[in-house]
Each structure stands twice: as structure tokens, then as C-alpha cells.
2 protein chains.
Amino acid sequence: LVSGHEFDWIASLARRVARDSRVSVGIGDDAAVLFGGPRDWLVTVDMLLEDVHFTRDMPMTLVGRKALAVNLSDISAMAGDPVAAVVALALPRDANDRLADDLMAGLGDLADEFHVAIVGGDTNVADKLTVSVTLLGHPTGRGPVGRGGARPGDVLCVTGQLGYSLLGRHLTFPPRVHEAQRLHQLVDLHAMIDLSDGIGSDLFHLADRSGCGFLVDAAAIPIHSPTRKDDRSPLDHAVNDGEDFELLFCVSAEDADRLTAEQPLGTAITAIGRAVAEPGVFWTKEGTREAMPRGGFVHRWA
Amino acid sequence: LVSGHEFDWIASLARRVARDSRVSVGIGDDAAVLFGGPRDWLVTVDMLLEDVHFTRDMPMTLVGRKALAVNLSDISAMAGDPVAAVVALALPRDANDRLADDLMAGLGDLADEFHVAIVGGDTNVADKLTVSVTLLGHPTGRGPVGRGGARPGDVLCVTGQLGYSLLGRHLTFPPRVHEAQRLHQLVDLHAMIDLSDGIGSDLFHLADRSGCGFLVDAAAIPIHSPTRKDDRSPLDHAVNDGEDFELLFCVSAEDADRLTAEQPLGTAITAIGRAVAEPGVFWTKEGTREAMPRGGFVHRWA
């Protein structure tokens, strides 16, 4: 443990970071330096805010873990390979002296697991805790998988189970980095997104960017077994809770058949619908076709 | 102007961003994609917080400008060439509908001026405004200029004038990107840092990383003409206010003589001291040699 002094703390972080063959200059200068090369770079950023994405009573190791995990999920959604991250922090003025260390320990453990180098950051003090991680990586295989390549006739698939993330999985979910790379090796991924806001929001992004529609079979959506009942249906939770961080992707019907039959990931792949030429997102519920309400979590202001 | 809806607003930003030959995928996917190449990459991040780095009554165009400018200053401190940025935002819940647009307009104008592509970001809503910008760039010339290369006998130089940044310049300072690249072409820059926290802090970073000491002539420090007097001396302001974002750098005595005689930058270069073998940072004030107090702005918690 170090006292709550910006520069002492940064120096202690720098000592803990292992040397990395991809990093020329790490923590401790005005900017980090990453070795170049012929490969393109992926760049993504996610900011976690106290009382929005987590609360202070949650274990800070898990909050730090989540701050990197949500970015790993974005890199996975491009079928990318994570390389290096920078971490911008606002530490709460009234933090106890373990908060910052626990936060970076949780973040650092997940970084080690996914071979991510922490190469720099920015440390501030404010009212509430804010953690903003920027993650860099490389595309793999035939290149990055975007949101815009779905075609009518494609089958829409999802990994894992959805819903009820607030019961705890939003802090502990496994980023699907390896699963996405494996899919990218096995089949031609036409389009992919990670489920950060819920199908009720993220599927609309696939539709908008691909210029096609989707028809979902509501009964096919894999729902995380609810351990607590409330007045919302399990389907509503599965579609609108968000923070599942599973992969939602489009492949040919042949590839979907193969993936759902062979189940090569160690986590379930489920076909839940298909891309259609008609614009809009629809689903069949108990035999009736309806427009899927645009839901999920949306930040609003003003 | 668009309503305060996350996805509508992001779409409106994406429409305003020009295509860029360095960017393969910009705003609107899970991650941005930058074209690779043989050159190394610089990465830096800075987070600006309401009531710490700015207040809500300041013009939001200038707050947005500052959020990118402080990062440009970090890239300049490595003599780098900025390329692309991602912007993570927490917008205040009670923002009026111009705040977000003004913020991004100010940021975008400075991005255009320095040929920086805005390639992605993250939009959230919280109690207070937070802007975290991550900036990527390339080293120039003989490579990145670090903090660790000062050698005894080097002359310590600074650009511009220091102090009283809070009177307004902390929102309007010109990032020294072109000046740093020009210096890097003209002379062998042994070590460089940008003055974000003040000489009273940043010079200690040069000393720590270079493993040498410094002796500063207090009378030589160029002080920004104070327009308002207070109970602190102009020298105290110049050394400890921070947020001047001028360049502090070390060169050979010959190169310092040349730079101060030729003044090639359009902004003043002043020699203010020299690197010495003895550890520690000292200054001479009215003929007396003293240890310089370690000052500047430090974030503290716990």
C-alpha cells in the first residue's frame, strides 16, 4: 500500500508492471510508446461511473476488473486481439487508502489474464470514482468484424445466456475475446456486436449499420436462469437489461447450422433469428409477429 | 442541435467527421480501426473534471478545446505528431441541450487545426461533466523524446512565459506540437516534458527519470505579465501554478546558445538553468543557492 499521493502511487504501479516486448515506453513519461508494425490498430474506450455503472459498496477489485472487461468485450466484438491499455482515474477525495490499490489489482489481474500491457494513465481526485479505460489491439484473421455486414438470409446467433446481469454477472462476466477469435477462424462472421445495452438496443445497431432488418424468435432467446423473480418477465430482462457482454453475430445459414451443431466454444451458441430485407426489427412471440420495442439502456440528458 | 439522446447524438457527431486516410473505421462501431504501418505509436490520456479542471460557468467550447489541448501537449512533449483521438464523456444529467454540442464543437475545431481524427468514444450521463480524451500519434524524426535523457552540463530551456494560467490561459493555451517538432529537427533534444503541473513539480520528474540534478537561475524564469496582483509572488505563480503547457527541455550548451540566439520558434526560448551531477533540484535566488521546494499541483486522496 502507498499513501494517497499521485506520483508515489504511479511510481508503485510502474514497478509492478512487467516489461512487454510490444511496449517501447510504458508508465512514467508524457506518453506511452508502442512498437509499430504492419498490422492495423483497434481503439476503444469505456468510462465507468460511480452510481451509474457501480456503487462504492461493491468490491473495488471487481470494479477495476469491469473497467477493463467492458473494453475487452468491445475488442472481442471486432474479433480483435487486445494489446495495451491506458487508465484515466478520478479517485474519490474520501477514498480509503486501499481503494486505488484494490481497483488497480482487479484491473491488473484481468490485464494479465488477457496479456494486456498497462502503459499509462492519468490520476485525478474528485467527488466520485470514475474509471475510463482505453484499450488498443490488433484485428485478427481476415480483419476486423464490423456491425455493418449482415445480409438478408443470415442467421442471427448469440453466445451464452442473457438477462439478470445486475444480480452480479455485470461485475464478473468473462469477456469473449477468445470465443470471438475462434469464431472468426471457423466461419465467415458477417457482422458482430457485443451485448452491452441488450438485444433491444444492440440489434438495432446491427440493423442500422447493415441496412437490413431482423426477425427474432423470442422463444429461442437463451435466458439466464433467474435466481430472483420480480414483476418483469425473464424475456424482458434478457432483451433489455444489458451488460451481458455476450456476442451477437450474423453468419450464413450453413455456418449457423455447423456452429450450433458442433458447439465449438465451450459456451453455448444459439440461433435466435435471421436477417431480412425488410427494414426494422421484429420478433415472433407466441406465433404473433410484432415490432420489437427499441429498449435497452440509453444515456439521456437535457 | 440534437436532443439529449446518446445514439442520436453520436450519429450526428459521426456525420460531421470528415473521412481520413489514416482511419479505416471511425465513429459507430465497437472499436475504431486505424491503418497500421511501420511507425511506432504514442498513446496518452487526460481526464478533465468539473470543479477540478474547469467549472460549468466557463464556455463549453473552451472546455472541449482544453480536453484535447492537454493531450496535444503530452504528445508535443514527446515531439510527436498527433493522429487520432477517442473521447469518453460523462454529461451532466441537468445539462442544457447546447452543452454537449458546444463541448464537441470546441474539441472538434482544435482537432481540425492539428489534423486529429476523432474516431470514437463513449457517452454517459452522471452528476457532473467529465471529459477524458485519449490521443494517439506517431513519433517524429529520430524518435520519441523522453524525460530520462538529461545529462550533467545540459542547459535547461523553456518556451513561452509561465504563471497565472488560471487568469484564462489554461483554457486557451496553444499546444506546442509544431514548436516541439521544430526543436526536434533543429537540435538533439536530450529530455523534454510539458509543464502541466509547474516547474516546481515537472522539473523533479526530469531529474528523477534522468538520474541527475538541476540548478535553476530563478531570475531567468520567464514570467507571464501578471494582470492581477495577489499575495503570492510572480515567481511563485510561475513555478507552482501549473497548466502553462509550455515545453521544458534539455539540450547541449552549444544547442542552447544557438536556440536562444536564433529564436526559431515564434515563441520565446529561454535558458533557465543547467543539469548537474549532484542529485536534487536547486535554484539560486538573489545570489543564494537553495533547494527548490517540491510544489506544483498534486492530486491527493485518503
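Coordinates for the structure precede this section.
Keep in mind the model is a prediction, meaning the values are calculated, not measured. (Residues numbered from 1 in each chain as written. Chains lettered and ligands numbered in written order. Predicted model: local features only at pLDDT ≥ 70, side-chain atom pairs only at ≥ 80, totals over all residues. Heavy atoms only, no water.)

**A look at the packing of aromatic side chains**
All names here are of chain A. Throughout the structure, instances matching the rule amount to 2 aromatic pairs over all chains. A centroid spacing of 4.2 Å and a plane angle of 20° characterise the contact between Phe 173 and Phe 245, whose relative ring orientation is stacked. Placement of the pair is Phe 173 in the loop between helix H4 (169-172) and helix H5 (177-186) and Phe 245 in the loop between helix H7 (234-240) and strand S10 (247-251), with a sequence separation of 72 residues. Both residues of the pair, Phe 173 and Phe 245, belong to the buried class. Arg 289 extends its terminal NZ or CZ atom over the ring of Phe 282, reaching a point 4.5 Å from the ring centre. (Phe/Tyr/Trp six-rings, centres within 6.5 Å; stacked < 30°, edge-to-face > 60°. Helix = DSSP H or I, 4+ residues; strand = E, 2+ residues; numbered from the N terminus. Buried < 20%, exposed > 50% of the residue type's maximum accessible area, 1.4 Å probe, protein only. Lys NZ or Arg CZ within 6 Å of the ring centre and 35° of its normal.)

**Looking at the interface of chain A and chain B**
Across the boundary between the two partners, chain A contributes 72 residues, which contact 72 residues of chain B. Of the roughly 5,900 Å² buried at the junction of chain A and chain B (both faces included), carbon and sulfur atoms supply 58%. For chain A, the biggest contributors to the area lost against chain B are Asp 30, Val 43 and Trp 301 of chain A; these three give 15% of the whole. Across the pair Asp 29 of chain B and Arg 147 of chain A runs a salt bridge whose closest N-O atoms are separated by 3.7 Å. On the surface where chain A and chain B come into contact, there are 24 residue pairs in polar contact (both at pLDDT 80 or more). Sorting elements by how many residues they give to the side of chain A that touches chain B places strand S3 (residues 41-49) of chain A first, with 8 residues. (Contact = heavy atoms within 4.5 Å. Buried area = accessible area lost by both parts, 1.4 Å probe. Salt bridge = Lys/Arg side-chain N within 4 Å of Asp/Glu carboxyl O. Polar contact = N/O pair within 3.5 Å; in protein donor to acceptor, adjacent residues only side chain to side chain.)

**Quick look at the state of the cysteines**
Under the definition given, this model contains 0 disulfides over all chains. Here Cys 250 of chain A is not disulfide-linked; the sulfur of Cys 212 of chain A is the nearest cysteine sulfur, at 6.7 Å. Looking at the unpaired Cys 157 of chain B, the closest cysteine sulfur is the one in Cys 250 of chain B, lying at 8.0 Å. (Disulfide = S-S within 2.5 Å.)

**Details of the pattern of salt bridges**
Inspection of every chain in the model, using the stated rule, returns 40 salt bridges over all chains. Here Asp 30 of chain B ties to Arg 147 of chain A by a salt bridge, and the two come within 3.0 Å at their closest N and O atoms. Of this pair, Asp 30 of chain B sits in the loop between strand S1 (23-25) and strand S2 (32-34) while Arg 147 of chain A sits in the loop between strand S6 (130-139) and strand S7 (155-159), on two different chains. Two residues, Arg 16 of chain B and Asp 101 of chain B, come together in a salt bridge whose shortest N-O distance is 3.4 Å. Within this pair, whereas Arg 16 of chain B is found in helix H1 (residues 6-16), its partner Asp 101 of chain B is found in helix H3 (residues 99-113), the two being separated by 85 residues in sequence. Given a relative accessible area of 51%, Arg 16 of chain B falls into the exposed group. One continuous salt-bridge network, built from bridges that share partners, spans Asp 29 and Asp 30 of chain A together with Arg 147 and Arg 209 of chain B.

**Quick look at the pairing of strand S9 (residues 213-217) of chain A**
Residues and elements named next belong to chain A. In terms of burial, S9 is largely enclosed, as 4 of its 5 residues are buried. One ladder, built from 4 bridges, connects S9 with strand S11 (residues 269-276); its direction is antiparallel. Pairing of Gly 213 across the sheet is with Val 276, part of S11. (Pairing = 2+ DSSP bridges.)

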